[in-house]
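One-letter residues, chain by chain:
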Amino acid sequence: MMSPESAGDAVDRECMTRAITAGARSRCLAPPNPWVGAVVRTGDGTMYEGSTEQVGGRHAEIVALDAAGTDAVGSTLYVTLEPCSHHGRTPPCVEAVMASGVTRVVVGIEDPDPLVAGTGVEALRSAGITVDVGVQAAQVVNQLRPYLKHRITGRPWVVLKLAASTDGRTAAPNGTSQWITSPEARADGHRLRAESDAILVGAGTIRRDDPSLTVRDYHDPAVPERGGLDPRRIVLGSIPLDAAVHPCTEVKGELGDVLDQLGDEGVIQLLVEGGSKVAGEFHRAGLVDRYVLYLAPALFGGSDAPGLFGGHGAFDISEVWRGRFTSAERIGEDLRLELTTLETVPSDPSAGSA
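Residues numbered from 1 in each chain as written. Predicted model: local features only at pLDDT ≥ 70, side-chain atom pairs only at ≥ 80, totals over all residues. Heavy atoms only, no water.

Caption draft 1: A look at the overall build of the chain. From N to C terminus, the chain includes 10 helices and 13 strands. A compact globule built from 354 residues would reach a C-alpha radius of gyration of about 20 Å, and the chain, at 22 Å, matches this within 12%. Taking the principal axes of its C-alpha atoms as reference, the chain extends roughly 70 × 50 × 35 Å. Across the 354 residues of the chain, 49% fall into the buried class. Considering only contacts in the chain between residues 6 or more positions apart, those separated by 24 or more positions represent 72%. Of the roughly 16400 Å² of accessible surface on the chain, a fraction of 51% belongs to carbon and sulfur atoms. (Helix = DSSP H or I, 4+ residues; strand = E, 2+ residues; numbered from the N terminus. Rg over C-alpha atoms; globule rule 2.2 N^0.38 Å. Buried < 20%, exposed > 50% of the residue type's maximum accessible area, 1.4 Å probe, protein only. Contact = heavy atoms within 4.5 Å. Areas by Shrake-Rupley, 256 points an atom, 1.4 Å probe, with all protein chains shown as cover.)

Shown next as structure tokens:
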């Protein structure tokens, strides 16, 4: 028989899982704010959900509390990220939580933003509200990794998207490459664009392919206008004035400096779609946090077709980059593999704070 304590833990996990699912619904809507989810659970088990609205709108916990209304009195609030305690584009969420009549708040992880960093939890506890931190923390960290990295390091989370044949070739020897992967894989790639604040390519890709780098093949129901999904377009180098990618930002210099600049400008996730030269430069500099590789069931069958990375790779087996596979999924006729570096942001920013 389940003990009362373990039963309570199970309810907490279930409600936080629902909050995580709610947060996912605002993934393309909330940035540059974090995509947070919240659930208000009343004494009789009724639940009200909320997720972060577009910039300037309500945060997740306020959406959930507004939905609950007077039912929030005596309830428990579950929120994936610590409620804010400072005035920004909206008033502090802790004030609304304290005024709602909620008696307990369960937080997935604390917010590493220096403007919050535990002060939200402290304010709630000082008001006599019970606060527990760390429920489903690993899942919340996984969902908010781009935001967490940005707040901890000041740099965006870098996603490198690659597409190739199964033998690792990205184009034919004569330069033709459209299309190696299926329409389904390309649509999934546009989802990655929609989730990113900016997309970066090299000037060579612009001159060769003249892409627009917009989100055409993916629609998120949470975003009212498809154009609202289009990320900022960043080009390494100079390009013609009539290039389809305009309006864009042309940048030069060390890649680390570029990331610092973009981070200062509020870019939380950067999608790198450049050709093999740019991909190789980011990879060798150790600047990629997540690799997304689409493999088509096709074989060029030779060494004369270009590969995924330009430039010199590891000379010795001891120098080979090694990460971890985080997912493998069939997309249309293709396979999407995801890898991350072995060293990422801390696994649990709230450790030791419960």
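Caption draft 2: Seen up close, the nonpolar core. Val97, Val105, Ile109 and Val131 are the most contacted members of the largest nonpolar core, which has 41 residues in total. Residue contacts for valine 131: discarding those within four places in its chain leaves Val105, Val107, Val121, Leu124 and Arg125. Formed by 27 residues, the second largest nonpolar core is a distinct cluster that contains Val158, Leu162, Ala198 and Leu337. (Core = buried A, V, L, I, M, F, W, Y, C linked by side-chain atoms within 4.5 Å.)

Caption draft 3: Broad picture of helix H4 (residues 119–126). Within the sequence span of H4, burial applies to Gly120, Val121 and Leu124. One side of H4 carries all its buried residues, which in axial view fall inside an arc of 100°. Exposed positions of H4 whose direction lies more than 90 degrees from the buried face are Glu122 and Ser126. (Arc of directions from axis to C-beta.)

Caption draft 4: Spatial organisation of the packing of aromatic side chains. Summed over the entire model, instances satisfying the criterion amount to 1 aromatic pair. With a centroid separation of 4.8 Å and 55° between ring planes, the pair formed by tyrosine 291 and tryptophan 321 is classed as tilted. Placement of the pair is tyrosine 291 in strand S11 (residues 290–296) and tryptophan 321 in the loop between S11 and strand S12 (324–331), with a sequence separation of 30 residues. Judged by relative accessible area, tryptophan 321 falls into the partly exposed class, the value being 31%. (Phe/Tyr/Trp six-rings, centres within 6.5 Å; stacked < 30°, edge-to-face > 60°.)

Caption draft 5: Layout of helix H7 (residues 183–195). In this model, H7 (13 residues) spans 19 Å end to end at C-alpha, consistent with the 18 Å of a helix rising 1.5 Å per residue. Turning to H7, its buried residues number three or more, namely Ala185, Asp188, Gly189, His190, Arg191, Leu192, Arg193, Ala194 and Glu195. At its buried positions, H7 is contacted by strand S6 (157–165), strand S7 (198–202), strand S10 (269–272), S11, S12 and strand S13 (334–340). (Expected span 1.5 Å × (residues − 1).)

Caption draft 6: Highlighting the state of the cysteines. In this structure the tally under the stated criterion is 0 disulfides. Cysteine 15 forms no disulfide, and the closest cysteine sulfur to it belongs to cysteine 93, at a distance of 19 Å. Overall, the relative accessible area of 0% leaves cysteine 15 in the buried class. (Disulfide = S-S within 2.5 Å.)

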